[in-house]
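# Structural overview
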Amino acid sequence: MIRLALKPGREGSVLRRHPWVFSGAIASAKGDGSDGRAEVVDAAGRPIALGAYSPQSQIVARLWSFDGRSPDLHLFRERFEAAGRLRKDVLPAETTGFRAVNSEGDLCPGVLVDVFGEVVVMELLTEGTESWREDLEVATREIFSPQKLVVRESGVERDRGSRVSAKSAGFEPVLFFENGLRFFADVSSGQKTGFYLDQRENRSRLRSLARGKMVLDLFSYSGAFSVAALAGGARRAVDVDSSESALALSREHRRANGFPVDDTDFVRADVFEDLRRRAAAHESWDVVVCDPPAFAKKRGDLRRAARGYQDVNRIAMSLVRPGGWLLTCSCSGLLPANLFQKIVFSASIEAGAAFTIVARQGAGADHPVSIDCPEGEYLKGLWLRRAG
Ligand code: SAH
């Protein structure tokens, strides 16, 4: 275990239980951090927290306890059990795909656990938690009893600032249910841990308003929004994505749920170009879903990202018929909700179209956010209805 002494006056956030310790706050380090454990002490040498040590990261320690408890198998078990109990209280029926452990939101910084039916995917997001892999695996098996456990390590890559590569081991679809609908998670090479579980609530709302409607799903990935819309009685749902493999999975999802598969409903294209074409053709849709990837991954991207969100929303808005709906989302954690709303407002001015905000819906309740670490909130969703 390494002992990290904070500079004088830098203990405040730790005393308020914020789980991140930045390298700039450290005065000195003593000991060996090879077991991934760090003890944080204040300038007077008093121990104040324990956590996972990631020497190459700007966030050099992510804190797991503030009461002297060591991050070990006992603590992992306890935290995973508590996380499991929360899910029992909040998950809808017929839902076997969910986020079981949400990093800081479940007091397990650097660890994600997603359940897809019988398969569990654990992602270790930091170098520190990577070195606890063995015990974290034991706790995962005990608490979530998977038939198969897949572990992904992205911590060291992330710490070095390099792109996290999807290690492709071929397509490994795993069946699970969401509100009774059948989906496949691509647990080997898919994006995130294989499925955008965080959008469950938005899919559910889409389903409840989709009857008889024409739905355009932008940045559709595996078409889960479209499947929810069709389940709600949508007349037609069209997916637009630049990834061929995402669209292939989207076809599988429609088949698996008993919906027809029509080639014209799967458009492989850059959304920006596709939207311009549709706008030029004066298309009009009952519902447009716009759920792009995070345009801002670091602070320096924010200005360009804001422009991207504004452009895509402006054109998307022009395609919504009067009285129709736009669900617009941003999963950039760096973009605050109020700024996103302003960007969307600017887009509506540019589009010359009036909208009202009918609902705000971010990630579902299986993605809890620690009140000590509001940075854990990233997904913003605005349900907008066009006047008329
Ligand atoms: N809405 C999806 C998740 C979207 S993830 C769901 O709920 O499952 C973002 C998707 O955008 C990815 O599938 C990626 O392939 C796609 N993408 C990123 N940039 C794009 C672009 N410029 N044009 C089209 N698709 C894009």
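Rules of the game
- Each residue is numbered by its place in its chain's sequence as written, counting from 1.
- In view of the model being predicted, local features appear only for residues whose pLDDT reaches at least 70, and side-chain atom pairs are presented and counted only at 80 or more, with totals across whole chains, interfaces and linings using the full set of residues.
- Calculation of side-chain values draws on the structure's entire complement of heavy atoms; hydrogens and water are dropped beforehand.
- Here, any two strands with at least 2 DSSP bridges between them count as paired.
- Helix and strand labels come from DSSP, where a helix needs a run of H or I of at least four residues and a strand needs a run of E of at least two; each type is numbered from the N terminus.
- Axis definition: a line fitted to C-alpha atoms, limited for helices to the stretch in contact. Angles are taken between N-to-C directions and run from 0 to 180 degrees.
- The criterion for a residue being near a molecule or strand is simple. One of its heavy atoms has to lie within 4 Å of it.
- Polar contacts, as used here, are pairs of N or O atoms within 3.5 Å; protein pairs need one atom able to donate a hydrogen and one able to accept it. Residues neighboring in sequence count only if both atoms are side-chain atoms.
- Per-residue accessibility takes into account occlusion by the displayed protein chains alone, with areas from the Shrake-Rupley method and a 1.4 Å probe.
- In this classification, Asp, Glu, Lys and Arg are treated as charged, Ala, Val, Leu, Ile, Met, Phe, Trp, Tyr, Cys and Pro as nonpolar, and every other residue, Gly included, as polar.
- When a carboxyl oxygen of Asp or Glu lies within 4 Å of a side-chain nitrogen of Lys or Arg, that pair is called a salt bridge.
- For every residue, the accessible area obtained with a 1.4 Å probe (protein chains only) is divided by the maximum for its type, and the residue is called buried under 20%, exposed over 50%, and partly exposed between those limits.
- Two helices cross in a left-handed way if the nearer one is turned anticlockwise from the farther one by less than a right angle. They cross in a right-handed way if the turn is clockwise.
- Residue contacts follow a heavy-atom distance rule, with two residues in contact if any of their heavy atoms lie within 4.5 Å.
- Only buried Ala, Val, Leu, Ile, Met, Phe, Trp, Tyr and Cys residues count toward a nonpolar core, and they belong to the same one when joined by side-chain atoms within 4.5 Å.

## Quick word on the sheet that holds strand β14 (residues 236–241)
Reading across the sheet, the seven strands line up as β15-β14-β13-β16-β17-β19-β18 and stay open at both edges, with mixed pairing between neighbours. A strand with exactly one partner marks an edge of an open sheet, and here the two such strands are β15 (266–268) and β18 (355–360). With strand direction ignored, the average angle separating the axes of adjacent strands in the sheet is 20 degrees. Two elements, strand β13 (residues 214–218) and strand β16 (residues 285–290), share four bridges in a ladder whose sense is parallel. Within β16, the position partnered with Leu 216 by the bridge is Val 288.

## Quick look at the site of the ligand
Near the ligand there are 15 residues, and of these Asp 241, Ser 242, Asp 270, Val 271 and Asp 291 occur at the shortest range. Between a nitrogen atom of the ligand and a main-chain N or O atom of Val 271, the distance comes to 2.8 Å. Within the contact set of the ligand, a nitrogen atom lies 2.7 Å away from a side-chain nitrogen or oxygen of Asp 291. Considered on its own, the ligand offers 580 Å² of accessible surface; in the complex 88% of this is hidden by protein. Each residue belonging to the shell around the ligand can be placed in one class, and the counts come to seven nonpolar, four polar and four charged.

## Points about the pattern of salt bridges
Across all of its chains, the model carries 29 salt bridges by this definition. Linking Arg 255 and Glu 252 is a salt bridge whose minimum nitrogen-to-oxygen distance equals 2.9 Å. Separated by three residues within a single helix, Arg 255 and Glu 252 lie in helix α8 (residues 244–256), roughly one turn from each other. Taking relative accessible area as the criterion, Arg 255 reaches 46% and is therefore assigned partly exposed. By relative accessible area, which is 34% here, Glu 252 ends up partly exposed. A cluster of three or more residues bridged by salt bridges with shared partners is formed by Arg 133, Glu 137, Arg 141 and Glu 153.

## Details of the packing of helix α2 (residues 73–90) against helix α4 (residues 133–144)
Interhelical geometry of α2 versus α4 gives an angle of 40 degrees and a closest axis separation of 9 Å. Pair α2 / α4 crosses with right-handed handedness. In contact with Leu 73, Phe 76, Arg 77, Phe 80, Glu 81 and Gly 84 of α2, α4 contributes Asp 135, Leu 136, Val 138, Ala 139, Thr 140, Glu 142, Ile 143 and Phe 144. Class assignment for the residues of the contact of α2 with α4 results in eight nonpolar, two polar and four charged.

## Observations regarding the nonpolar core
Most often, soluble globular proteins have nonpolar side chains that are buried together. Counting residues in hydrophobic clusters, the biggest one holds 35 residues, and the most contacted among them are Leu 216, Leu 218, Phe 219, Val 240, Val 288 and Leu 326. Every element with two or more residues in this core is listed here: β13, β14, α9 (271–280), β16, α10 (302–318), β17 (320–330), α11 (337–351) and β19 (380–386). Looking at which element gives the most residues to this core, the answer is α10, with seven residues. Discounting chain neighbours no more than four positions away, the residues touching Leu 218 are Val 240, Val 271, Leu 275, Val 288, Val 289, Cys 290, Asp 291 and Ala 316.

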